[in-house]
Amino acid sequence: MVRRRFSFGLVSRLSSPIYGRSPCSGGIWTPCLGQKRSFMTAKDLVESEEPEKKVTNRINMFSAINQALHTVLDSDPKSYVFGEDVGFGGVFRCTTALRDKFGRHRVFNTPLCEQAIVGFGIGLASMGNRAIAEIQFADYIFPALDQIVNEAAKYRYRSGNLFNCGGLTVRAPYGAVGHGGHYHSQSPEAFFCHVPGIKVVIPRSPSQAKGLLLASIRDPNPVVFFEPKWLYRLAVEEVPVDDYTLPLSSAEVMRKGSDITLVGWGAQLAIMEEACDEVSKLGISCELIDLRTLIPWDKELVEDSVNKTGRLLVSHEAPVTGGFGAEIAASITNSCFLRLQAPVSRVCGLDTPFPLVFEPFYMPTKNKCLLSNQNNVILDIDCTRPILFGKRAPHAVL
Amino acid sequence: MMVPKPASSWARLITTGLLRRPSHPFHASRSTIAPVRFPSSPSCGPFASVLRERQFCSSSSSGDESEDHLDEFLDFPGAKVGFINKIKFTAERPQEPVPCFRVLDDHGRLIKDAYMPEVDKPLAIRMYQNMVTLQVMDTLFFEAQRQGRFSFYLTTFGEEAINIASAAALNNDDMVYAQYREPGVLMWRGFTLKEFANQCFSNVADYGKGRQMPVHYGSAKLNYPTVSSPIGTQLPHAVGAAYAFKMDQKPLCTTTFFGEGASSEGDFHGAMNFAAVLEVPVLFICRNNGFAISTPASEQFKSDGVVAKGHAYGMRSIRVDGNDTLAMYATVKAARKMAVEESRPILIEALTYRVGHHSTSDDSGKYRKGDEMQHWKTMRDPVLRFRRWLEGEGWWDTDAEQKLRSDARNEVISALQSAGSQMKQPLTNLFTDVYDTIPRNLIQQEKELRSTVGRHHEDYPSDVPLY
């Protein structure tokens, strides 16, 4: 592909469910028209975190993000949304109708220059504004790496807290989408997790996206907010209509379990849920954790879980080597060593550039998660329920 | 005439009077760029003859307007362009470099008919006092670094006029996004010698809390965001901040300083383009001092310096003699007025010369000639030039000069002594300000570090207090 930008028609297909991975097809790459994700719903959310009953709408993720941006622009006159093509609604429709409502001075296109988008945002934010910058694809965030790493992340520290750009939020769609190839599929979160001074947040669903985005925008620190583009249209759930935030640096237990802990974020959690379902048929109880904020991450919650289960599997789309899973594995091995009954597993993308036609092979699919679980879990044939050991025994059958 | 090589020739051109003075000092950009003929331009090399054979030509060589179809237009998105029926390339550069505005000649004499800004005696004296104080501070701080009292320093020698005259022409509420060779702006706004010294010593009173190398000053009170080392990164910040001024309808602008080397960075191009497109009040002041560390401007770009780039972005631009305090003041004053009143960016290329080394880590004698450095240091010193004008006006004399330099020297020495005797920043500031609050991982890391330091405190600096 010579031009790096898709035409709009193609872009809209990028997030079409027809081309999306099927969350219910066992990791096999088949079309899944009309099927929706089954995450923890907004109803669960409302019940668990907001005791009062709230009005909700059943919407997809780009609409939830659009709602969040709408809420911010409406409630804070010193907030601005800008980036390439955001004026007409953005290539993923997240900024739909915002310019019409809030004016072209608060919602505007910028020239095509990622480093200047972020640099401009830093300047705007440092003057006490909420600068919400969109990088069209996370694959194109690298020209802005210098501004994020050397400027945004250090703005407060280097000035002794005289200045800060905490009002800056950089949104970027990340991750696999079925046909994105090298430059419309990458998951670059680990690069940013090596940068003290910024926060990295990744939502897994519409209601999470709205609450976490509102929290990120209002957080007094610069945040890089990666949105799983696969879910923009595919994930649909009840989302509270009102303004609400979800806490940053606070992981969430999506499913309670006792035999093994699974940690992930963003779109990968759908795959991990399927793996949990699959092994639950064998009587293996999985605890699934959505990390939500990657830095600073909620280590204590993961530690508590692993101290309970004795096993940990981390999964992400990004290449395994140097991925953020490595940090979690090392950290938990250090703090939970005596409780671990098996080596920490990582089920991640391969150490190749993101491949187009080989995407189904590259991806950390449910099958790979199951295989990894088998490495940790063996079935004692003399018992009616599985007994978990630290390593595979020769007589293990699963 | 041949187009002179941009960098190495500017100084000579100014000296020999080859650069024309503009008809009006605020002539932001020339309305017509005279076409240029390059019949045997060596830069064309072997391609020149090929081009001639194919009867290609640059915009210069046609001159056959009768065949241009100027009555027809192409309605292209964002532009309406006429047609011609000949292949005609634009010239790579205008025939002559953009001329350089100045008010004073090398001897500090007012040039006949030159635009004279309104500068009264108190303002002129204050500017001069700041320039001298900056020079004295640089001299003594440089020596202090050489004596090992702090790790690094970087002087502003030769660029005192750009520093002080720009600052004087701005409103003190204008945000200034500086590089690292503009401490004079801070000085003008009231940053004290002790405050400069505190930062260089990373002492307990350093606003930056000991986290950055010397000369990375910053002051919230003085609207001067803390300097960082990467080149050109501050430019898009200035654009974003200017957008904030515009949206808040404040009659202010932002100003960003950078060297000619920074004009090669992507951030420069992004910032210039954003500023023009978003129509924000920002002044881009380029200190073209001839060198990016050792790389001469002639190896930095092929364009007519930095000023030429403004046209490409649709931005009013001007070239000014950066060693002429009055010209610098007049230029920034006029540019600021346009920026604020018309909400537009302005590019100012100030021609100067970095008389000092790049920094204390540099020995510029390895890449430039001593007599060139000496010439600029003695014959083209902006401080001396301005002093001569002051003396010509009857506002300054030798006694005042001696007293000023003596007082400045004493104040700088006193600041160094006072700042140097204080403790460094306390250990706790290693962990604060990474985020607005200290995250749990850092609380844990501080605990572990303190445990280690407690057992081996002899291995750690004794001047860093452990609270």
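Residues numbered from 1 in each chain as written. Chains lettered and ligands numbered in written order. Predicted model: local features only at pLDDT ≥ 70, side-chain atom pairs only at ≥ 80, totals over all residues. Heavy atoms only, no water.

Test applied: UniProt positions are given in the numbering used here, feature names are shortened, and annotations may be inferred rather than shown by experiment.
Taking an unreviewed UniProt entry as the reference, chain B is identified by name as 3-methyl-2-oxobutanoate dehydrogenase (2-methylpropanoyl-transferring) belonging to Physcomitrium patens. Heading Subunit (unreviewed entry) of the UniProt record for chain B holds this comment: "Heterotetramer of alpha and beta chains." Quoted verbatim from the Subcellular location (unreviewed entry) field of UniProt, the annotation for chain B is "Mitochondrion matrix".

As recorded in an unreviewed UniProt entry, chain A goes by 3-methyl-2-oxobutanoate dehydrogenase (2-methylpropanoyl-transferring) and comes from Physcomitrium patens. Note on chain A: under the UniProt heading Cofactor (unreviewed entry), the record states "thiamine diphosphate". Quoted straight from UniProt, the Catalytic activity (unreviewed entry) entry for chain A says "N(6)-[(R)-lipoyl]-L-lysyl-[protein] + 3-methyl-2-oxobutanoate + H(+) = N(6)-[(R)-S(8)-2-methylpropanoyldihydrolipoyl]-L-lysyl-[protein] + CO2".

### A few points about the overall build of chain B
We count it as follows: Helix numbering and strand numbering both begin at the N terminus, where a helix is a DSSP run of H or I of at least 4 residues and a strand a DSSP run of E of at least 2. When a residue's accessible area, from a 1.4 Å probe over protein chains only, is under 20% of the maximum for its type it is buried; when over 50% it is exposed; and in between it is partly exposed. Working rule for contacts: check all heavy atoms of both residues, and any pair within 4.5 Å makes them a contact. Accessibility throughout is a Shrake-Rupley quantity obtained with a 1.4 Å probe, and a residue counts as covered only by protein chains that appear here.
When its secondary structure is counted, chain B shows 14 helices and eleven strands. By residue count, 54% of the 467 residues in chain B fall in the buried class. For chain B, contacts bridging at least 24 residues in sequence account for 74% of all contacts bridging at least 6. Summed over all atoms, the accessible surface of chain B reaches about 21000 Å², with 53% contributed by carbon and sulfur.

### Some remarks on the overall build of chain A
The secondary structure content of chain A amounts to 15 helices and 14 strands. Taking all 398 residues of chain A together, 62% fall into the buried category. Within chain A, contacts between residues at least 6 apart in sequence are counted, and of these 79% link residues at least 24 apart. When the accessible surface of chain A is totalled, it reaches about 14400 Å², and 56% of it is carbon and sulfur.

### Details of the pairing of strand S8 (residues 236–240) of chain A
All names here are of chain A. Heads up, the rule is: DSSP calls a pair of strands paired once it identifies at least 2 bridges connecting them.
With four of five residues buried, S8 is to be regarded as a mostly interior element. Pairing of strand S1 (residues 56–60) with S8 involves five bridges; the strand directions are antiparallel. Paired with Asn-57 across the two strands is Val-239, which belongs to S8.

### Some words on the pattern of salt bridges
When charged atoms on two side chains of opposite charge get close, those side chains can pair. Residue and element names in this part refer to chain B. Note the following rule: Between Lys or Arg on one side and Asp or Glu on the other, a salt bridge is scored when a side-chain nitrogen of the former is within 4 Å of a carboxyl oxygen of the latter.
On inspection of all chains with the given rule, the structure shows 40 salt bridges over all chains. Here Arg-287 and Glu-159 are joined by a salt bridge, their closest N and O atoms 2.7 Å apart. Taken as a pair, Arg-287 in strand S7 (residues 282–288) and Glu-159 in the loop between helix H3 (121–146) and helix H4 (160–169) lie far apart in primary sequence, 128 residues in all. Look at Glu-159 and you get buried, because its relative accessible area is 0%. A salt bridge links Asp-174 to Arg-336, with the shortest nitrogen-to-oxygen separation between them at 2.5 Å. Taken together, the residues span a long stretch of sequence, with Asp-174 in the loop between H4 and strand S5 (175–177) and Arg-336 in helix H10 (residues 325–342) at a distance of 162 residues. The class for Asp-174 is buried, based on a relative accessible area of 0%.

### So, a nonpolar patch on the surface
Rule in force here: Exposure above 30% relative accessible area and no salt bridge define the residues that can form patches, which grow by joining like charges within 9 Å and nonpolar side chains of Val, Leu, Ile, Met, Phe, Trp and Tyr within 5 Å.
A cluster of nonpolar side chains, A:Leu356, A:Val357, A:Phe358 and A:Phe361, forms an exposed patch at the surface whose accessible area comes to about 480 Å². By the secondary structure assignment, A:Leu356 is in the loop between strand S14 (345–349) and helix H14 (359–362).

### As for the sheet that holds strand S9 (residues 252–255) of chain A
All names here are of chain A. Just so we agree on the cut-off: Helix axes are fitted to C-alpha atoms over the stretch in contact, other axes to C-alpha atoms as well, and angles between N-to-C directions run from 0 to 180 degrees.
As summarised here, the arrangement of the five strands in space is S9-S11-S10-S13-S14, forming an open sheet in which the pairing is mixed. Sheet topology places S9 and S14 at the edges, where each strand pairs with a single neighbour. Averaged over all pairs of adjacent strands, the angle between strand axes in this sheet comes to 25°, irrespective of strand direction. Across three bridges, strand S10 (residues 260–264) lies against strand S13 (residues 312–319) in parallel orientation. Residue Val-263 lies in a different strand from S13, and its bridge partner there is Val-314. Set on the sheet, helix H11 (residues 268–280) makes contact with S9, S10, strand S11 (286–290) and S13; between it and S11 the angle comes to about 170°. Across the sheet, helix H13 (residues 324–336) lies against S10, S13 and S14, angled at about 160° from S13, the strand it touches most.

### Brief notes about the nonpolar core
Selection rule: Here, nonpolar core refers to any group of buried Ala, Val, Leu, Ile, Met, Phe, Trp, Tyr and Cys residues whose side-chain atoms link them within 4.5 Å.
Core analysis: the biggest nonpolar cluster contains 124 residues, and A:Phe226, A:Leu291, A:Ile328 and B:Phe284 have the highest contact counts within it. Listed in part, the 77 residues of the second largest apolar core include B:Leu193, B:Cys253, B:Ile318 and B:Tyr329.

### Structural notes on the side chain of B:Arg385
All names here are of chain B. Selection rule: Polar contact is the term for a pair of N or O atoms within 3.5 Å; when the atoms are in protein, one must be able to donate a hydrogen and the other to accept it, and sequence-neighboring residues count only if both atoms are side-chain atoms.
Relative to the assigned elements, Arg-385 resides in helix H12 (residues 382–392). Note on Arg-385: relative accessible area 2%, which makes it buried. A distance of 3.4 Å separates a polar atom in the side chain of Arg-385 from the backbone oxygen of Asn-323. Leaving out residues up to four positions away in the same chain, Arg-385 has contacts with Arg-102, Leu-104, Asp-105, Asp-106, Gly-108, Asp-321, Asn-323, Asp-324 and Arg-380.

### Some details on the packing of aromatic side chains
Here is the rule we go by: Only rings of Phe, Tyr and Trp enter the pairing, Trp through its six-membered ring, and a pair is recorded when the two centres are within 6.5 Å. The plane angle decides the type: under 30 degrees is stacked, over 60 is edge-to-face, the rest tilted. To sit over a ring, a charge needs its Lys NZ or Arg CZ within 6 Å of the ring centre and within 35 degrees of the ring normal.
Applying the stated rule across the entire model yields 32 aromatic pairs over all chains. Ring geometry for A:Phe108 against A:Phe120: centres 6.1 Å apart, planes inclined by 85°, an arrangement best described as edge-to-face. Of this pair, A:Phe108 sits in strand S3 (residues 107–109) while A:Phe120 is found in helix H5 (residues 114–126), placing the two residues twelve residues apart along the sequence. With respect to class, A:Phe108 is no different from A:Phe120; both count as buried. Between the aromatic rings of B:Tyr353 and B:Trp376, the centroid separation amounts to 5.0 Å while the plane-to-plane angle is 10°, which identifies the pairing as stacked. You can see B:Tyr353 sitting in the loop between strand S11 (346–351) and helix H11 (370–378) and its partner B:Trp376 sitting in helix H11, a full 23 residues away along the chain. We classify B:Tyr353 as buried; its relative accessible area is 5%. Over the ring of B:Phe73 we find B:Lys80; its NZ or CZ atom is 5.3 Å from the centre of that ring. Over the face of the ring belonging to B:Trp376 we find B:Arg380, whose NZ or CZ atom lies 4.5 Å from the ring centre.

### Here we look at unusual backbone geometry
Along the chain, A:Ile295 connects to A:Pro296 via a cis peptide bond; the corresponding omega equals -15°. With respect to the helices and strands, the residue A:Pro296 is situated in the loop between strand S12 (293–295) and helix H12 (299–309). A positive phi is found at A:Ser249, a non-glycine position, where the angle reads about 55°. Turning to its location among the elements, A:Ser249 is positioned in the loop between S8 and S9. A relative accessible area of 16% means that A:Ser249 is categorised as buried. At B:Gln249, a residue that is not glycine, the phi angle is positive and equals roughly 55°. When you line up the elements, B:Gln249 lands in the loop between helix H7 (234–247) and strand S6 (254–259).

### Details of the interface of chain A and chain B
The interface of chain A with chain B comprises 46 residues on the first partner and 45 residues on the second. Connecting chain A to chain B are three salt bridges. Among the ionic pairs, A:Lys78 bridges to B:Asp248, the shortest N-O distance being 3.1 Å. Listed by contribution, the elements that provide at least two residues to the side of chain A that touches chain B are S3, H5, helix H6 (145–152) and helix H7 (155–158) of chain A.

### Observations regarding the sheet that holds S6(B)
Residues and elements named next belong to chain B. The strand order across the open sheet formed by five strands is S5-S6-S7-S11-S10, and the pairing between neighbours is parallel. Single-partner strands in this sheet number two, and they are S5 and strand S10 (316–321). Across the sheet, the mean angle separating the axes of adjacent strands is 20° when strand polarity is ignored. In terms of strand pairing, S6 meets S7 through six bridges, oriented parallel. Considered in S7, the bridge of Thr-255 is made with Leu-283.

### Notes on the packing of H3(B) against helix H13 (residues 398–420) of chain B
All names here are of chain B. Put simply, the test is: When an angle is under 35 degrees it counts as roughly parallel; over 145 it counts as roughly antiparallel; between 65 and 115 it counts as roughly perpendicular; any other value is oblique. The hand of a helix crossing depends on one turn: near helix anticlockwise from the far one by less than a right angle means left-handed, and clockwise means right-handed. Note on residue classes: Ala, Val, Leu, Ile, Met, Phe, Trp, Tyr, Cys and Pro are nonpolar, Asp, Glu, Lys and Arg are charged, and everything else, Gly too, is polar.
The interhelical angle for the contact between H3 and H13, taken along N-to-C directions, is 45°, at an axis separation of 9 Å. In terms of orientation, H3 lies oblique with respect to H13. Classified by chirality, the crossing of H13 by H3 is right-handed. Judged by residue contacts, Tyr-128, Gln-129, Val-132, Thr-133, Gln-135, Val-136, Met-137, Leu-140, Phe-141 and Ala-144 of H3 engage Glu-401, Leu-404, Arg-405, Ala-408, Arg-409, Val-412, Ile-413 and Leu-416 from H13. For the contact of H3 with H13, the class distribution of residues is twelve nonpolar, three polar and three charged.

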